[in-house]
Amino acid sequence: MSKKSSQEMIAVLDFGSQYNQLIARRVRENQVYCRLLPFDTTPSELLSLNPKGIILSGGPASLAERGVPLPHRGIFNLGIPILGICYGMQLLGHFMGGRITSTPKREDGKSKLFVDNGEDLFYGLGASLDVWMSHGDKITKVPPGFEVIAHTQDCPAASMRNKSEKLYGVQFHPEVAHTSQGKEIMRNFFFRICGCSGQWTMNSFIDYSLEEIRKKVGKGKVVCALSGGVDSSVTAALVNKAIGQRLGCVFVNHGLLREGEADEVRRTFAEHFHFNLHYVQVRNRFLNRLAGVTDPEKKRKIIGEEFIRVFTEEARKFGQVDFLAQGTLYPDVIESRSAKGGSSAVIKSHHNVGGLPKDMHFKLLEPLRDLFKDEVRILGRELGLPEAIMKRQPFPGPGLAVRIVGEVTRERLRILRQADLRVMEEMRKYGKFSEIWQSFAVLLPIKSVGVMGDERTYEYTIALRIVTSVDAMTADWAKIPYQILEKISNRIINEVKGVNRVVYDISSKPPSTIEWEW
């Protein structure tokens, strides 16, 4: 990343909005880099990052309550353009001397926004547009020096600005798809108000990352947790490009892989790469530790801890190793621990984020932790990785353990592995398979009555999960032709001993997650 493009950054302060990841995506889509930071990031910390603009996210809090998250007052005096969204706009009004009032009735859903001034934030958007509201408070008196630039029928100050100070606020959510021209509003903020030029590219990210890896690692050695998936493969390729043979890769067969996966991964990397790859088979070790465990959080953390233990042992074979490289992505960080210390609710602890033991002997190296999944695929292609890897569907680090609801046993693994194999065999025949983000089987801890061969059965249920997505932050269930679903169901029931029922999961993310226990 050149010095110029490194300055093309928008800082997003996290006040707990469920839409924070969408804000980050809207920034990146415009070839402007962004960082999601804790709401209480200090003015000096912000200045050190040299952002072109600051976004104050929405959030569930109300300024009428005590103990709500508040930013440092000094951020409003930095001379950096600020856009407050929903709760962020109310914060702007509060700190600048306006009045915020709790309304007797919340405003949720679509509203018609009428533009009163279209010269900057609403440039080129016309006199009105549909916006998405989700708030219980609103500004009833704009601060001194501010003017109303848009309103709705129920919200007289739906957007305001102090043009000279470059302080802007919107009561609605421009980052969501329900706001008809939300992308254009945010583009106007980035380019017309903040002065961004949109020069952040994946090549600039590669240059910056190589420099950072070399600086951080120095003359040390790195061991990489290689699974064969997109994330770990790109991580390995990037680190290898930075430090060469001082990288050692460990592929762990923890007994939770799909049918034939261990052999496939080893074969792929032997053909395409010259990494120092070490294979270790520790199936019994993981399964013994998972025995009797049913809680999803505990399962993930046990697997994460055991991963690190294995790496610690195997790394000794590479000599003195200082760093552990992981394919942690931005969604992992956001969903695991509230976006770098922010106030968003923790959705789940990813094994490579929330399960690291306190006595870990490595320093972490996570060069992809600020990227979304689709950006990682672009990065991988820039690094020359083969399409066979880049087009692989995401597979969770804990493997099939998070696709078995409840306790992981050898028998349940056998059933799920065979069911999943049939899902993938049939889905690969589907003409639109490339449009599918993930397609897999989930073993439910439910047995139901069935009839097979004139005999009563009492066996497990398999749920099919097939979704479309761009970055895994949101996903929709795939509208697969009935004939394909029927073929998958018939094959699983007829060919996999222990299953007599197949159901299809038609929930989207949110409110559901893609994986059932991940």
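Keep in mind that what you see is a predicted model, and the values were worked out from it rather than measured. (Residues numbered from 1 in each chain as written. Predicted model: local features only at pLDDT ≥ 70, side-chain atom pairs only at ≥ 80, totals over all residues. Heavy atoms only, no water.)

## Section: the confidence of the model for the chain
Heads up, the condition is: Here pLDDT means the predictor's own confidence in every residue, given as a number from 0 to 100. Here a residue-residue contact requires only that any non-hydrogen atoms of the pair lie within 4.5 Å.
For the chain, the average pLDDT comes to 88, and 93% of its residues sit at 70 or higher. Under a pLDDT of 50 for its full length, residues 1–6 has, in the predicted model, 10 contacts with residues more than four places off or in other chains. Within the model, pLDDT remains below 50 along residues 337–351, and this stretch shows 58 contacts once partners closer than five positions in the same chain are excluded.

## Overview of the sheet that holds strand 14 (residues 363–365)
Hydrogen bonds between backbone atoms are what pair the strands of a sheet, whose relative direction is either parallel or antiparallel. To keep things clear, this is the line we draw: A pair of strands counts as paired when DSSP detects no fewer than two bridges linking them. Runs of H or I in DSSP of at least four residues are treated as helices and runs of E of at least two as strands, each being numbered from the N terminus. For helices, the axis comes from a line fit to the C-alpha atoms of the stretch in contact; other axes are also lines fit to C-alpha atoms, and the angle between any two N-to-C directions lies between 0 and 180 degrees.
Read from one edge to the other, the open sheet built from 5 strands follows the order 12-11-10-13-14, with strand pairing classed as parallel. Looking at the sheet topology across the chains shown, the edges are occupied by strand 12 (276–281) and strand 14. Averaged over all neighbouring strand pairs, the angle between strand axes comes to 30°, with direction disregarded. Relative to strand 12, strand 11 (residues 247–253) runs parallel, the two sharing 6 bridges. The residue bridging Gly248 from the neighbouring strand is Asn276, located in strand 12. Packing of helix 6 (residues 202–217) onto the sheet brings it into contact with strand 10 (222–225), strand 13 (323–325) and strand 14, and relative to strand 14 it is tilted by some 170°.

## Regarding the nonpolar core
Soluble globular proteins tend to bury their nonpolar side chains together. For the record, the criterion: Here, nonpolar core means buried Ala, Val, Leu, Ile, Met, Phe, Trp, Tyr and Cys residues that are tied together by side-chain atoms lying within 4.5 Å of each other. With a 1.4 Å probe rolled over the protein chains alone, any residue whose accessible area is under 20% of its type maximum counts as buried; one over 50% counts as exposed, and the rest are partly exposed.
With 64 residues, the main nonpolar core has Val222 and Leu379 as its most contacted residues. At 8 residues, the largest contribution of residues to this core is made by helix 7 (residues 230–243). If we ignore the near neighbours within four places in the chain, the residues touching Leu379 are Met202, Phe205, Ile206, Val234, Leu238, Leu368 and Leu371. Among the nonpolar cores identified, the runner-up in size contains 52 residues, and Val250, Leu413, Ile415 and Ala441 belong to it.

## A closer look at the packing of aromatic side chains
The test is simple: When the centres of two rings from Phe, Tyr and Trp lie within 6.5 Å, Trp using its six-membered ring, the rings pair. Their planes under 30 degrees apart give stacked, over 60 give edge-to-face, and anything left gives tilted.
Taken as a whole and judged by the stated rule, the model has 10 aromatic pairs. Look at Tyr33 and Trp200: their rings are 5.4 Å apart centre to centre, the planes differ by 40°, and that puts the pair in the tilted class. Remark: Trp200 occurs in the loop between helix 5 (182–193) and helix 6 and Tyr33 occurs in strand 2 (residues 33–38); sequence separation between them is 167 residues. Considered together, Tyr33 and Trp200 belong to a single accessibility category, that of buried residues.

## Considering helix 8 (residues 261–272)
For clarity, the threshold we go by: By definition here, a helix of n residues has an expected span of 1.5 Å times n minus one. When we speak of the arc, we mean the arc of directions from the helix axis to the C-beta atoms.
With 12 residues, helix 8 ought to run about 16 Å at 1.5 Å a step, and its terminal C-alpha atoms sit 17 Å apart, in line with that. Along helix 8, the positions that sit buried rather than exposed are Glu261, Ala262, Val265, Thr268 and Phe269. With its buried residues spanning 135° around the axis, helix 8 presents them on a single face. Of the residues in helix 8, the exposed ones pointing more than 90 degrees away from the buried face are Asp263, Ala270 and Glu271. Looking at the buried residues of helix 8, the elements they touch are helix 7, strand 11, strand 12 and helix 13 (387–390).

## Points about the packing of helix 6 against helix 7
Which entries qualify depends on this criterion: Working rule for angles: under 35 degrees goes down as roughly parallel, over 145 as roughly antiparallel, 65 to 115 as roughly perpendicular, anything else as oblique. With the far helix as reference, a near helix turned anticlockwise by less than a right angle produces a left-handed crossing, and one turned clockwise produces a right-handed crossing. Asp, Glu, Lys and Arg are counted as charged, while Ala, Val, Leu, Ile, Met, Phe, Trp, Tyr, Cys and Pro are counted as nonpolar; the rest, among them Gly, fall into the polar class.
Running from N to C, helix 6 and helix 7 cross one another at 65°; their axes reach a closest spacing of 9 Å. Here helix 6 is positioned roughly perpendicular relative to helix 7, judged by the angle of their axes. The two elements helix 6 and helix 7 cross, and the hand of that crossing is right-handed. The segment helix 6 lies against helix 7, with Ile206, Ser209, Leu210, Ile213, Arg214 and Val217 engaging Leu238, Val239, Lys241, Ala242 and Ile243. Of the residues contributing to the contact of helix 6 with helix 7, the split by class is 8 nonpolar, 1 polar and 2 charged.

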